[in-house]
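What the coordinates show
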Amino acid sequence: MRIRTFTLLMAVALVVAACSPDSASEGSSTTAPVATTSPAPEAVLLSYTLEPGSSFSYEVDMDQSIQMEVEGNPAALAQAEGEEFPESMDLQMVGTTTFIHSVADGPEDGTYEITITGDFSDLEVTGTINGEDVAGNDTMIPEDFTGMEPIEKTIIVDEQGNVITPEDEFGGDIFGDLGGMGGLGMLEDFGAGGSPGQFIGPPLSDEPVTVGDTWTNTFELPMMPGGGEEISTTIVSEVVSSEQREGVEVFVIETTTSTSAIEFDFAEILIGFMTAFVPEGATDEELAEMEALTESLKFAFSVDPTEVDMTTWFDPEAGHAVEAHMINDSHVVMDIAMPDEVSGELVEVLMDMTIGSDVTYRLVDSTGGDA
């Protein structure tokens, strides 16, 4: 059994940083007086204007750092392509590209399908791997870091920016796509800080707001398909000021997203996969070996509680974000005990990774809808 552990880890690490609420989120709003040198704008009910047939082009700047240390036998994590797994890594990845958000009717009234397309095909990577400078030596850099796979995904949102995920989308091939990770896979749709393929802007209040007003959204997602432990997220937003952008008054909204610690172990799933291929005529010795293996097998991830800080410049008249800036850090640990493919002996690896993301979105173009 061969699993692209490195790619799987990176996928998990980049989508567990943060999220925004779905249609089941609970919201509350408060109003606080703010001392300003000029009168605060009149309170308005904010909503996203999403017309079927319209599209938005966002220029995306991404600056991401990754620090990683591996203890144990990193050779056990070699990819299927034969690349060596590094023992240590300190990299900075920078790139700019354009993402297109195309709007269509959603499955229900008041909902919209947003299809997001774009890619970072050429990232500038600097730093060290195993203590050696990667400058001028692309062969040292794992393929996962030289460029991201093109993103083409569709999410469903309502007019308040709440992401709606049908229950039947929880599930799938656990090693084939992120959707198989249940709630973890869905976090990317809800606004992962490390992923550029997401809806731009915070969930909005269901009451009129002006400068000084705050509102809170909370929600929970199942850790894995079928329920079980849940991931808890709280999103607090505040209109901190208003300013002029190209002659248009926009609200400046600061949002902090806090996500609870995440711990899960794929061992049970792996054990089920392995035992499914035990031959019917297996000897007692072979069965005993399998039992010993399953008792010591481990494929565990843990993610510290995370916070994402986002500032959005929102045009209340046009009904969309003209700019958004997100900063977040996440700390992920992977603890593995698995049999070596060649010798069959159990090998243990402990990986500690910290990821920092600084992503900016700027609206550069928009087109009208069918109406």
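In this convention, every chain numbers its residues from 1, walking through the sequence in written order. The predicted origin of the model limits local features to residues at a pLDDT of at least 70 and limits the giving and counting of side-chain atom pairs to 80 or more, whereas totals for whole chains, interfaces and linings rest on all residues. Excluding hydrogens and water, the side-chain values take into account all heavy atoms of the structure.

1. A short note on the overall build of the chain
Helix and strand assignments follow DSSP, with helices taken as H or I runs no shorter than four residues and strands as E runs no shorter than two, numbered in order from the N terminus. Assigned secondary structure in the chain consists of 5 helices and 16 strands. To sort residues, take the accessible area from a 1.4 Å probe on protein chains only and compare it with the maximum for the residue type: under 20% means buried, over 50% means exposed, and anything in between is partly exposed. Evaluated residue by residue, the chain yields a buried proportion of 47% over its 371 residues. Residues count as neighbours in contact if any of their non-hydrogen atoms are within 4.5 Å of one another. Contacts in the chain between residues at least 24 apart in sequence constitute 75% of all its contacts with a sequence separation of at least 6. A total of about 17,300 Å² of accessible surface is found on the chain, and carbon and sulfur atoms cover 46% of it. Under the convention used here, a 1.4 Å probe and the Shrake-Rupley method define accessible areas, while residue burial counts only the protein chains that appear.

2. A look at a negative patch on the surface
The patches described consist of residues with a relative accessible area above 30% and no salt bridge, like charges being joined within 9 Å and nonpolar side chains (Val, Leu, Ile, Met, Phe, Trp, Tyr) within 5 Å. We define a salt bridge as a contact between a side-chain nitrogen of Lys or Arg and a carboxyl oxygen of Asp or Glu at a distance within 4 Å. We score Asp and Glu as negative and Lys and Arg as positive, and we do not count His or the chain ends. Charge positions are represented by NZ for Lys, CZ for Arg, CG for Asp and CD for Glu. Residues Glu-69, Glu-71, Asp-90, Asp-304 and Asp-352 make up a contiguous surface patch of negative charge. Among the structural elements, Asp-90 can be located in strand β3 (residues 88-105). With relative accessibility at 39%, the residue Asp-90 sits in the partly exposed group.

3. Observations concerning the pattern of salt bridges
Once their charged atoms are close, side chains differing in charge can pair, the charge on each being opposite to the other. Across all of its chains, the model carries 5 salt bridges by this definition. One salt bridge in this structure joins Arg-245 and Glu-323, with 3.1 Å as the shortest N-O distance. Separated by 78 residues along the polypeptide, Arg-245 in strand β10 (residues 227-245) and Glu-323 in strand β15 (residues 320-339) bring together distant segments of the chain. Arg-245 gets classed as partly exposed once you look at its relative accessible area, which sits at 26%. Residue Glu-323 is classed as buried on the basis of its relative accessible area, which comes to 17%. Here the salt bridges do not stand alone but share partners, grouping Glu-59, Asp-61 and Arg-362 into one network.

4. Considerations on unusual backbone geometry
In the Ramachandran plot, Asn-130 falls in the positive-phi region, its phi being about 55° despite a non-glycine side chain. Along the polypeptide, Asn-130 turns up in the loop between β5 (124-129) and β6 (132-133). You can call Asn-130 partly exposed: its relative accessible area is 42%. Of note in the backbone geometry, Glu-246 takes a positive phi value of approximately 55° without being a glycine. Locating Glu-246 in the fold gives a position in the loop between β10 and β11 (248-259).

5. Points about the packing of aromatic side chains
The rule is short: rings of Phe, Tyr and Trp, with Trp giving its six-membered ring, pair when the centres are within 6.5 Å, and they are stacked under 30 degrees, edge-to-face over 60, tilted in between. Taken as a whole and judged by the stated rule, the model has 4 aromatic pairs. Between Tyr-48 and Phe-199, the aromatic rings sit 4.8 Å apart at their centres with planes inclined by 70°, giving edge-to-face as the arrangement. Taken together, the residues Tyr-48 in the loop between β1 (26-31) and β2 (55-72) and Phe-199 in the loop between α3 (183-186) and β9 (213-224) connect sequence positions 151 residues apart. Here Tyr-48 matches Phe-199 in class, with each residue buried. Considering the side-chain rings of Tyr-48 and Phe-314, the 5.2 Å spacing of their centres and the 85° angle between planes classify their relative orientation as edge-to-face. On the criterion of sequence distance, the pair formed by Tyr-48 in the loop between β1 and β2 and Phe-314 in strand β14 (residues 306-315) is long-range, its members being 266 residues apart. The same class applies to Tyr-48 and to Phe-314, which are both buried.

6. Observations concerning the confidence of the model for the chain
Confidence along the chain averages 77 in pLDDT terms, with 73% of residues attaining 70 or more. For every residue, the predictor states its confidence as a pLDDT score lying anywhere from 0 to 100. Within the model, pLDDT remains below 50 along residues 31-37, and this stretch shows 6 contacts once partners closer than five positions in the same chain are excluded.

7. Some points on the environment of Val-44
Relative to the helices and strands, Val-44 is located in the loop between β1 and β2. For Val-44, a relative accessible area of 31% gives the class partly exposed. With sequence-adjacent residues up to four places away left out, Val-44 is seen in contact with Glu-207, Pro-208, Val-209, Phe-251 and Pro-316.

8. Some remarks on the environment of Val-322
Its place among the elements puts Val-322 in strand β15. Here the alpha-carbon distance between Val-322 and Thr-312, two residues 10 residues apart in the chain, equals 7.8 Å. Look past the residues within four positions of Val-322 in its chain and what remains in contact with it is Arg-245, Val-250, Trp-313, Asp-315, Tyr-361, Arg-362 and Leu-363.

9. Digging into the side chain of Thr-360
When you line up the elements, Thr-360 lands in strand β16 (residues 346-367). Overall, the relative accessible area of 13% leaves Thr-360 in the buried class. Every residue in contact with Thr-360, bar those within four places of it in the chain, is listed here: Glu-59, Val-60, Asp-61, Glu-323, Ala-324 and His-325.

10. Topic: the pairing of strand β4 (residues 111-118)
If DSSP finds at least two bridges between two strands, the strands pair. Summarising the sheet, β3 and β4 pair through 6 bridges and their orientation is antiparallel. Opposite Val-103, over in β4, you have Ile-114 as the bridge partner. Taken together, β3 and the strand that follows it, β4, pair antiparallel across an intervening segment of 5 residues, in which Gly-110 is found at a positive phi of about 85°. Pairing analysis gives 8 bridges linking β4 to strand β7 (residues 151-158), with the strands arranged antiparallel. Within β7, the position partnered with Thr-111 by the bridge is Asp-158.

11. Brief notes about the pairing of β14
With respect to burial, β14 is a largely interior element, 8 of its 10 residues being buried. Where β14 and β15 come together, 8 bridges link them in antiparallel fashion. Note that in β15 the partner of Met-310 across the bridge is Met-326. In sequence, β14 turns back onto β15 through a hairpin of 4 residues, with Gly-319 there showing a positive phi of about 80°.

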